[in-house]
Amino acid sequence: MTDMPPKLAEIVDEFASAPRDVVLEMLLEFADAVPPLPAELAGHEGMEQVPECQTQFFLQATVQADGSVVTHFDCPPEAPTTRAFAGILAEGLAGASADEVLAVPDDLYARMGLAQAISPLRIRGGTAILARLKRQVAASSSKG
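Residues numbered from 1 in each chain as written. Predicted model: local features only at pLDDT ≥ 70, side-chain atom pairs only at ≥ 80, totals over all residues. Heavy atoms only, no water.

Trainee: Explain the pattern of salt bridges residue by residue, including any values.
Mentor: Under the defined criterion, the tally for this structure stands at seven salt bridges. Here Glu52 makes a salt bridge to Arg132, at a shortest N to O gap of 3.1 Å. Here the residue Glu52 occupies a position in the loop between strand S1 (48-49) and strand S2 (58-63), and Arg132 occupies one in helix H6 (residues 120-143), the gap between them amounting to 80 residues. By relative accessible area, Glu52 is classed as partly exposed at 39%. (Salt bridge = Lys/Arg side-chain N within 4 Å of Asp/Glu carboxyl O. Helix = DSSP H or I, 4+ residues; strand = E, 2+ residues; numbered from the N terminus. Buried < 20%, exposed > 50% of the residue type's maximum accessible area, 1.4 Å probe, protein only.)

Trainee: Could you give an account of the sheet that holds S1, with specific residues and numbers?
Mentor: One open sheet holds the three strands; their spatial order is S1-S2-S3, and the pairing between them is antiparallel. A single partner strand is all that each edge strand has here, and the edge strands are S1 and strand S3 (69-74). Pairing of S2 with S3 involves six bridges; the strand directions are antiparallel. Residue pairing across strands places Val63 opposite Val69, the latter belonging to S3. H6 rests against S1, S2 and S3 of the sheet, and its axis sits at about 30 degrees to S2. (Pairing = 2+ DSSP bridges. Contact = heavy atoms within 4.5 Å. Axes fitted to C-alpha atoms, helices over the stretch in contact; angles between N-to-C directions.)

Trainee: Lay out the packing of helix H1 (residues 6-17) against helix H2 (residues 20-31) with the relevant residues and their values.
Mentor: In the contact formed by H1 and H2, the axes pass within 9 Å of each other and the chain directions differ by 150 degrees. It follows from the interaxial angle that H1 and H2 lie roughly antiparallel. Where H1 crosses over H2, the two elements pack in a sense that is right-handed. Here Ile11, Glu14 and Phe15 of H1 come into contact with H2, specifically with Val23, Met26, Leu27 and Phe30. When its residues are assigned to classes, the contact of H1 with H2 shows six nonpolar, no polar and one charged. (Parallel < 35°, antiparallel > 145°, perpendicular 65-115°, else oblique. Left-handed = near helix turned anticlockwise from the far one by under 90°. Nonpolar A, V, L, I, M, F, W, Y, C, P; charged D, E, K, R; others polar.)

Now the structure itself:
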């Protein structure tokens, strides 16, 4: 098992062990957990759009001086599944180091057992979100 952030590992385990009929409810709870964008990102300035998502999805990951990663996500409320991915990452990666973020497995959503609960298209979008997030973290930490 990789050294993914403990909070994210906990979320993955919760989903992996949850009965399938509860998984969608759990996802919807995470959709509500996405923090609002700070004012300076209101126009998605400096954020990257994820074209693989069926809905407009923007993200930004910045590595702070202490090596911790700060993430921002924006996704419309009418796309609850995609928004849930943002909520899971926002909560699971809160306070994580760049190395921990880069160690998150690319098949995160499969490990959570989501492949049985949601469409492959949505999984692909979620995987793209994670890949772009990791790429931004890698680029940001190589600058520092």
